[in-house]
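Single-letter residue listing:
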Amino acid sequence: MTGSAAPTVAGATRPWHEIMRDVLKQNQVRLATYVPDNVLRPLLDVLHADRDFTTFATTREEEAVGIVAGAWMGGMRGCVLMQTSGFATLANAIASLAVPFQIPVVMIVSERGTLGEFNWGQALTCRTMRPVLDSLAIEHHTISRLDEVEFITDRTIKQAVMTQAPAALILSPLLTGGKVLKK
Amino acid sequence: MSAIDTESRGRGNAKVMNRFDITKRLVAKLKREEAVVGGIGNTNFDLWAAERRPQNFYMLGSMGLAAPIALGVALAQPQRRVIALEGDGSIMMQLGCLATIAHLKPRNLAIVIMDNAAYQITGSQPTATAHGADIVAIARGSGLDKSLWADDEAHFERLVDRCLAEDGPWLIATRIDAQPAVAQTERDPAKIRDRFMRGLGTRE
Ligand SMILES: Cc1ncc(C[n+]2csc(CCOP(=O)(O)OP(=O)(O)O)c2C)c(N)n1
């Protein structure tokens, strides 16, 4: 369900969410804010369980962007986790805060709306995501294989920090298994 | 009933003050490089006019995000006091952040609300507070126990002293008049952010 196995730093095979947590940690990300998504659950669980991270839910995704932006200016690195529909609420916060103020807000988006979506609203919302990111020239990568998680996550965070620009990591159902309608 | 509950006369009896005047009174009390995050439009314009401190952040277009940005700063720097200045229309747009702050209980965070019962900068259309919404009641209902209306300028100053000395999170609401802001912030986001980070010691 979670893609093919890949060797990791330790040489053992681990699921995507553990790799992602470790890469976030190695890059000094200490704050994880989110509005939950079912597919993100394993990642949210390991972040909550890890005392190196301050992890909490916000009431809206733009609130989370504000918090992570403030934390960055105060010297603490953070990320915002959300699903596709949450990203769709963010154009104003990204275009008025993260981009012009040059703040590296790292967004981790679980991709709904494709590869077997059952909810038409999610499918349409999904189609707005990459055009919005492209229109603001925001670096984004879609992770679809387990062996890509470490490299893409690590390099994307590093580039965001070095170029002082927000960035998005889109987690494809090919990686996570996505969400399917239970009969 | 705690002392806090009896300390304020409530919105109906709060004196209508002036935003620039109370912003100056607030800023005059900041002696320990406290961070101040101004909200969209007037709150950050009057903050800019009050004093161009490097620890001021002037948010430009993200209506409702002053308190979340201040919360982020407060989490990153628990030793520094952080104050958000926000309009009533703006906080009404992002009320959920009050519950988030109540959950996290940052001891070093205070929110000051400038309630003119209007979206002043877009033409003074009435906000929800013009129709009876009480931001202190909402904040308390969200779990922010230390939420109070400032009765007048002297009371406001006493509350600010407490915010700077005692554990928060705090919310001080003020009723303000319809005077426009006295100046306009320089609109250079990268410069604002860089200066703020130097002011916070996160940039050299
Ligand atoms: C998301 C969003 N919606 C609408 C606006 C337009 N807008 C800018 S300032 C403002 C009013 C702010 O009202 P308030 O916070 O009460 O401050 P005041 O103008 O009264 O000082 C509005 C509606 C905006 N900038 N962003």
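Conventions adopted
- Residues numbered from 1 in each chain as written.
- Chains lettered and ligands numbered in written order.
- Predicted model: local features only at pLDDT ≥ 70, side-chain atom pairs only at ≥ 80, totals over all residues.
- Heavy atoms only, no water.
- Contact = heavy atoms within 4.5 Å.
- Buried area = accessible area lost by both parts, 1.4 Å probe.
- Salt bridge = Lys/Arg side-chain N within 4 Å of Asp/Glu carboxyl O.
- Polar contact = N/O pair within 3.5 Å; in protein donor to acceptor, adjacent residues only side chain to side chain.
- Helix = DSSP H or I, 4+ residues; strand = E, 2+ residues; numbered from the N terminus.
- Buried < 20%, exposed > 50% of the residue type's maximum accessible area, 1.4 Å probe, protein only.
- Core = buried A, V, L, I, M, F, W, Y, C linked by side-chain atoms within 4.5 Å.
- Pairing = 2+ DSSP bridges.
- Axes fitted to C-alpha atoms, helices over the stretch in contact; angles between N-to-C directions.
- 1 Å grid on protein atoms, 1.4 Å probe; cavity = no way out; pocket = protein on both sides within 12 Å on 5 of 7 lines; lining within 4 Å.
- Points joined across faces, edges and corners; volume = space filled by probe spheres on them.
- Nonpolar A, V, L, I, M, F, W, Y, C, P; charged D, E, K, R; others polar.
- Parallel < 35°, antiparallel > 145°, perpendicular 65-115°, else oblique.
- Left-handed = near helix turned anticlockwise from the far one by under 90°.
- Right-handed = clockwise from strand over helix to strand, strands pointing away.

## Looking at the interface of chain A and chain B
Here comes step 1: Each partner contributes residues to the interface: chain A has 26 residues there, and chain B has 30 residues.
Here comes step 2: Across the interface of chain A and chain B, roughly 2100 Å² is buried in total on both sides, 67% from carbon and sulfur atoms.
Here comes step 3: Ranking the residues of chain A by area buried against chain B places Glu63, Met73 and Phe101 of chain A at the top, with a combined share of 32%.
Here comes step 4: Run the count over chain A and chain B and you get 0 salt bridges.
Here comes step 5: Run the count over chain A and chain B and you get 8 residue pairs in polar contact (both at pLDDT 80 or more).
Here comes step 6: Contributing elements (two or more residues each) for the side of chain A that touches chain B: strand E2 (54-57), helix H3 (61-73) and helix H5 (91-98) of chain A.
Here comes step 7: Sorting elements by how many residues they give to the side of chain A that touches chain B places H3 of chain A first, with 8 residues.

## Concerning the pattern of salt bridges
When the charged atoms of two side chains lie near each other, side chains of opposite charge can form a pair.
Here comes step 1: Scanning the entire structure with this criterion turns up 25 salt bridges over all chains.
Here comes step 2: Close ionic contact of Arg130 of chain A with Glu111 of chain A constitutes a salt bridge, the shortest N to O distance being 2.9 Å. With Arg130 of chain A in helix H6 (residues 120-135) and Glu111 of chain A in the loop between strand E4 (106-110) and H6, this residue pair connects regions lying 19 residues apart in the sequence.
Here comes step 3: By relative accessible area, which is 7% here, Glu111 of chain A ends up buried.
Here comes step 4: The closest approach of N and O atoms between Asp115 of chain B and Arg11 of chain B, which form a salt bridge, is 3.0 Å. One end of the pair, Asp115 of chain B, is in strand E5 (residues 109-115); the other, Arg11 of chain B, is in the loop between helix H1 (3-7) and strand E1 (16-17), and 104 residues separate them in sequence.
Here comes step 5: Residues joined by salt bridges that share partners form a network here, namely Asp21, Arg25, Lys29, Glu157 and Asp161 of chain B.

## Points about the nonpolar core
Here comes step 1: Within the largest apolar cluster, 116 residues are counted, with the highest numbers of intra-cluster contacts made by Leu81 and Met107 of chain A together with Phe57 of chain B.
Here comes step 2: The element contributing the most residues to this core is H3 of chain A, with 8 residues.
Here comes step 3: Ignoring any residue separated from it by four or fewer positions in sequence, one finds Leu81 of chain A in contact with Ala32, Thr33, Tyr34, Val35, Leu40, Leu43, Leu44, Leu47 and Ile108 of chain A.

## Focus on the sheet that holds strand E3 (residues 77-83) of chain A
All names here are of chain A.
Here comes step 1: Pairing is parallel in the open sheet, where 6 strands are placed in the order E2-E1-E3-E4-E6-E5. Whereas interior strands pair on both sides, the edge strands pair on one side only; in this sheet they are E2 and strand E5 (139-143). Geometrically, the sheet is characterised by an average inter-axis angle of 20° between neighbouring strands, direction not taken into account.
Here comes step 2: Where strand E1 (residues 29-34) and E3 come together, 5 bridges link them in parallel fashion. Directly across from Leu31, in E3, lies its bridge partner Gly78.

## Some thoughts on empty space enclosed by the protein
Here comes step 1: All chains considered together, the criterion is met by 2 cavities of 30 Å³ or more.
Here comes step 2: Computed from the structure, the largest cavity encloses a volume of approximately 60 Å³.
Here comes step 3: Residue lining of the largest cavity: Val29, Val68, Trp72, Met76, Arg77, Gly78, Pro104, Val106, Ile157, Ala160 and Val161 of chain A, and that is the complete set.
Here comes step 4: Secondary-structure elements contributing two or more residues to the lining of the largest cavity are H3, E3 and helix H7 (146-163) of chain A.
Here comes step 5: Here the lining of the largest cavity is built from residues that sort into 9 nonpolar, 1 polar and 1 charged.
Here comes step 6: Taken as a whole, the second largest cavity spans an internal volume of roughly 40 Å³.
Here comes step 7: Lining of the second largest cavity is provided by Arg81, Val82, Ile83, Arg107, Asn108, Leu109, Ala110, Cys163, Leu164 and Trp170 of chain B.

## Focus: the packing of helix H2 (residues 19-28) of chain B against helix H3 (residues 42-50) of chain B
The axes of two packed helices give the description: the angle between them and the distance between them.
Residue and element names in this part refer to chain B.
Here comes step 1: Two numbers describe how H2 lies on H3: the axes approach to 9 Å, and their chain directions differ by 55°. By the angle between their axes, H2 is oblique relative to H3. Considering only the axes of H2 and H3, their crossing is right-handed. Of H3, the residues touching H2 (which contributes Arg19, Phe20, Thr23, Lys24 and Val27) are Asn42, Thr43, Asp46, Leu47, Ala49 and Ala50.
Here comes step 2: Residue composition of the contact of H2 with H3, grouped by class: 5 nonpolar, 3 polar and 3 charged.

## Quick notes on the environment of Val39 of chain A
Residue and element names in this part refer to chain A.
Here comes step 1: In this structure, Val39 sits in the loop between E1 and helix H2 (41-49).
Here comes step 2: For Val39, a relative accessible area of 11% gives the class buried.
Here comes step 3: For the pair Val39 and Gln83, spaced 44 residues apart in the sequence, the C-alpha separation amounts to 8.5 Å.
Here comes step 4: Once you skip the residues sitting within four places of it in the chain, Val39 turns out to touch Trp16, Ser110, Thr176, Gly178 and Lys179.

## Overview of the environment of Arg11 of chain B
Residue and element names in this part refer to chain B.
Here comes step 1: Overall, Arg11 belongs to the buried group, its relative accessible area being 15%.
Here comes step 2: Each C-alpha atom, one on Arg11 and one on Arg175, is 7.6 Å from the other, the two residues being 164 residues apart in sequence.
Here comes step 3: Not counting chain neighbours up to four residues away, the residues in contact with Arg11 comprise Asp115, Ala117, Thr129, Ala133, Asp134, Trp149 and Arg175.
Here comes step 4: A distance of 3.0 Å separates a polar atom in the side chain of Arg11 from a polar atom in the side chain of Asp115.

## Concerning the pairing of E2 of chain A
The side chains of a regular strand alternate between the sheet's two faces.
Residues and elements named next belong to chain A.
Here comes step 1: When E1 meets E2, the two strands line up parallel, connected through 4 bridges. Residue Ala32 lies in a different strand from E2, and its bridge partner there is Thr55.
Here comes step 2: With respect to chirality, the unit in which E1 leads through H2 into the neighbouring parallel E2 is right-handed.

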